[in-house]
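Observations on the three-dimensional arrangement
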2 protein chains.
Amino acid sequence: MKVALDVMGGDRAPAVNLAGAKDALACYPSIEKLFLVGDQGAIEAEAPTHGLDLKDPRLEIIHAAEVISMCEPGATTIRRKKQSSISLALDLVKAGRADAFVSAGNTGACVAGAQIKLRLIPGIERPGIASALPNEFGACHLLDAGANPEAKPSHLLGYAIMGSAFATGVMGVKRPKVGIMSNGEEDEKGTAFTKDTFKLIKEFTETSKAPFEFLGNVEGHDLFESELDVCLCDGFTGNVVLKSCEATAKAMSKWLKASLTASPVRKMGALIAKGAFAELKERASAESYGGSPLLGVNGVVIIAHGGSSALAIRNAIRVGVESVNHQVNLHISETLERLKG
Amino acid sequence: MKVALDVMGGDRAPAVNLAGAKDALACYPSIEKLFLVGDQGAIEAEAPTHGLDLKDPRLEIIHAAEVISMCEPGATTIRRKKQSSISLALDLVKAGRADAFVSAGNTGACVAGAQIKLRLIPGIERPGIASALPNEFGACHLLDAGANPEAKPSHLLGYAIMGSAFATGVMGVKRPKVGIMSNGEEDEKGTAFTKDTFKLIKEFTETSKAPFEFLGNVEGHDLFESELDVCLCDGFTGNVVLKSCEATAKAMSKWLKASLTASPVRKMGALIAKGAFAELKERASAESYGGSPLLGVNGVVIIAHGGSSALAIRNAIRVGVESVNHQVNLHISETLERLKG
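Residues numbered from 1 in each chain as written. Chains lettered and ligands numbered in written order. Predicted model: local features only at pLDDT ≥ 70, side-chain atom pairs only at ≥ 80, totals over all residues. Heavy atoms only, no water.

As recorded in an unreviewed UniProt entry, chain A goes by Phosphate acyltransferase and comes from Haloferula chungangensis. Turning to chain A, the UniProt annotation filed under Function (unreviewed entry) states: "Catalyzes the reversible formation of acyl-phosphate (acyl-PO(4)) from acyl-[acyl-carrier-protein] (acyl-ACP). This enzyme utilizes acyl-ACP as fatty acyl donor, but not acyl-CoA." Regarding chain A, the UniProt comment filed under Pathway (unreviewed entry) reads as follows: "Lipid metabolism; phospholipid metabolism." (UniProt positions renumbered as here; feature names shortened; annotations may be inferred.)

Shown next as structure tokens:
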């Protein structure tokens, strides 16, 4: 298993990426090679701070002379900056030298780069990011969480097929449940876009052997309370929902901490019950997932948050390893083939 | 102060509305009259269960022979069902018999009914629901949270003006901060719609004496971590974000409870620190706000959740009382007048 890590990606690069790389090597022995793609000087200067031994034969630096910053327009910049860490890391996947690419960098650049270099899986119109939100039944995947902000209904049909192939192949869900994020559960709720999507997917399930059960429109509470495996949305809505959920969880944790430390008695109670808070953090934190697969491209591409911590980067690398092991793209291709036949 | 309550509104009508009415009468002595608008028979049958004394001179039943259910298309049904509780309650406001209307019923019907019966404030193109999300600085108002799912940029400019008049007049914020919900903070992020909105509001702030400071694009975390008073969005996005935030808070509370009751030791710790959990619930629960004002119509209209509890209904009535006391609409009209001059 070989993984290419964009060391220059994210708001806290290269520090968190190097620290995450070190932890990933320790935690995931199946990684034979971890390519550190980025500025060689910066990597060599920072590596010791994070206890990363660059002489480790499992590590290899791929020097990238350019960086795509978080605020550059991704799709155009990736075409121009051919020596950027994102470009070179994707080249490794394209050449078969790496099995997975992990980046906390510019999402637009990662998506456009992956599409240009790795190409789309035949039958897929647009790639989509599948971000997991933990729930009682495992996780609900928001698809798309930001690759394709202005999607068309046909793109969401593609997401439904890819998302259910992912849920079956990776999560082990027999018959995945798919819904459309809307402003109400009734069939007639939504915008022109969600209504057209509803109609298209309903038609599809009635005329084809859909690899999923279609639940129709869903709402926020379904993300956590329903057995919902894939929540379809355009990338704008998905991104906004994902960030709002994460922000709420973070605010709740902060408020809880403030309330628990407001008096000595409460502090004592909190100390006694501390295992519960650690459990909640583990369950609710975005860091626990770390990275989201970009579905629809010929290769494993894992998108991490720009604000990722070292733990999030380690977990994003784990998601990359799991995606390769589970042969996500093979499941997607096979599902598409079955639909043709 | 006279309030018209739609007793038939919401998933748990009339029970929660009657229980909420009883609590509101006890808590808010400034209410001289609370109109219970709904099916007289149902009200008379259920009132005793909730300890509501119908002989109280502060109560008056307005019989409504029709009900608009939660799943009927609001805008068309309100025109047809002239004897519905929503219609008759709005008639009370229109006739000046009530100062505020409160409903947990069909949002589409409430919005369309308010627009038809009360008319828009001159200068306003579309009404919008301002839903409060609690944060460290008080609250951020999502505007619109669902009245106008497919908004135009000019509608959002109206929301910016109304939202800032509301923040100043009701919340006491000197120079409100207004942002556009987007999938990234950089100016160039977003969809064609959010980009056009950004341009329009930027132009407005450059050429007029805008009653707010424009922060540009904002993201989920800004709702809780930034001094942001008004977060602009189309009604689809606002509704989806609001429900997702509420669902996350609810899921977090549930997980916390599960973790805290997982062992006798944790249970003991939780008991000792129980004040902290009550505080968190009070702070994070949607019930604490209860209702959201529909801004832009000539009258006070408070929209409560379909799933409202009695506590939420009581608080929605409180929001109605406060909106009347603070003369929200006068602030909006005056702000619009100043912009003309």
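1. Examining the overall build of chain A
A count of helices and strands for chain A gives 13 helices and eleven strands. For 341 residues, the compact-globule formula gives about 20 Å, and the C-alpha radius of gyration of chain A, at 20 Å, lands near that figure. Considered along the principal axes of its C-alpha atoms, chain A spans approximately 60 × 60 × 35 Å. Burial statistics for chain A: of 341 residues in total, 58% are counted as buried. Counting only contacts in chain A whose residues sit at least 6 apart along the sequence, the fraction spanning at least 24 positions is 71%. Per element, the accessible surface of chain A, about 13500 Å² overall, is 53% carbon and sulfur. (Helix = DSSP H or I, 4+ residues; strand = E, 2+ residues; numbered from the N terminus. Rg over C-alpha atoms; globule rule 2.2 N^0.38 Å. Buried < 20%, exposed > 50% of the residue type's maximum accessible area, 1.4 Å probe, protein only. Contact = heavy atoms within 4.5 Å. Areas by Shrake-Rupley, 256 points an atom, 1.4 Å probe, with all protein chains shown as cover.)

2. Brief notes about the domain arrangement of chain A
All names here are of chain A. Partitioning chain A into domains gives domain 1 (1-122 + 296-326) and domain 2 (125-288). Taken together, the contact pairs 14 residues of domain 1 with eleven residues of domain 2. Buried area between domain 1 and domain 2, summed over both chains or domains, comes out near 1100 Å², and the portion from carbon and sulfur atoms is 63%. Taken together, the connections running from domain 1 to domain 2 amount to one residue pair in polar contact (both at pLDDT 80 or more). Mapped onto the side of domain 1 that touches domain 2, the elements with two or more residues apiece are α5 (107-118) and α12 (310-325). Considering every element that reaches the side of domain 1 that touches domain 2, the biggest residue donor is α12, with four residues. (Domains from an automatic or database assignment. Buried area = accessible area lost by both parts, 1.4 Å probe. Polar contact = N/O pair within 3.5 Å; in protein donor to acceptor, adjacent residues only side chain to side chain.)

3. A few points about the side chain of Glu219 of chain A
Position of Glu219 of chain A relative to the elements: it lies in the loop between β8 (213-218) and α8 (220-225). Engagement of the side chain of Glu219 of chain A in a polar contact is seen with the side chain of Lys243 of chain B, the distance being 2.3 Å. If we ignore the near neighbours within four places in the chain, the residues touching Glu219 of chain A are Met181, Ser182, Asn183, Gly184 and Glu185 of chain A together with Lys243 of chain B.

4. Regarding helix α4 (residues 85-94) of chain B
Because each turn of an α-helix spans 3.6 residues, side chains separated by three or four positions in sequence point in the same direction. Residue and element names in this part refer to chain B. Along α4, eight of the ten residues are buried, which leaves the element largely enclosed by surrounding structure. All of the buried residues in α4 are Ser85, Ile86, Ser87, Leu88, Ala89, Leu90, Leu92 and Val93. Trailing α4 by a residue or two, Gly96 shows a phi angle of about 80°, which is positive.

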